[in-house]
Amino acid sequence: MSTWLWILLPLLFVVGLFVGALKDTKKVERQVKKDRDKMQLKDWDQEERKEKAKEENWGVPPAPPGEYHPEDAHKQKHDEQEK
């Protein structure tokens, strides 16, 4: 009898935790469905694109057209040396 108590009491405790978590989850789901129109939901794809663009340019604006680019000068010198 004592062995069964040592096995069943912790098992009942764990099952109770799971049942309580399920009840809380269902309660939260009902609350979210009810208040969904009040929430300001974000478009996560758009937010991700903004973050990616921010990472790509490191906060530096792109060079305007016609501005000096050191790569072009190096390429021209290399082409002149080959001729």
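Residues numbered from 1 in each chain as written. Predicted model: local features only at pLDDT ≥ 70, side-chain atom pairs only at ≥ 80, totals over all residues. Heavy atoms only, no water.

Trainee: Tell me about the overall build of the protein chain, residues and numbers included.
Mentor: Regarding its fold elements, the protein chain presents 3 helices and 0 strands. Seen in sequence order, the protein chain has helices and strands lined up from the N terminus as α-α-α. Looking at the 83 residues of the protein chain, the share that counts as buried comes to 2%. Roughly 8900 Å² of accessible area belongs to the protein chain as shown, and the carbon and sulfur atoms make up 60% of that amount. (Helix = DSSP H or I, 4+ residues; strand = E, 2+ residues; numbered from the N terminus. Buried < 20%, exposed > 50% of the residue type's maximum accessible area, 1.4 Å probe, protein only. Areas by Shrake-Rupley, 256 points an atom, 1.4 Å probe, with all protein chains shown as cover.)

Trainee: A description of a nonpolar patch on the surface should follow, citing residues and the corresponding values.
Mentor: A contiguous nonpolar surface patch, about 1100 Å² in accessible area, is contributed by Trp4, Leu5, Trp6, Ile7, Leu8, Leu9, Leu11, Leu12, Val15 and Val19. Its place among the elements puts leucine 11 in helix α1 (residues 2-35). (Patch = residues over 30% accessible without salt bridge, like charges linked within 9 Å, V, L, I, M, F, W, Y side chains within 5 Å. Salt bridge = Lys/Arg side-chain N within 4 Å of Asp/Glu carboxyl O.)

Trainee: Provide a residue-level description of the confidence of the model for the protein chain, including the pertinent values.
Mentor: Detailed reading of predicted coordinates is not advised where the pLDDT is low. Confidence along the protein chain averages 80 in pLDDT terms, with 69% of residues attaining 70 or more. Of all secondary-structure elements in the protein chain, the lowest mean pLDDT belongs to helix α3 (residues 70-82), at 67, while α1 reaches the highest, 93. (pLDDT = per-residue confidence, 0-100.)

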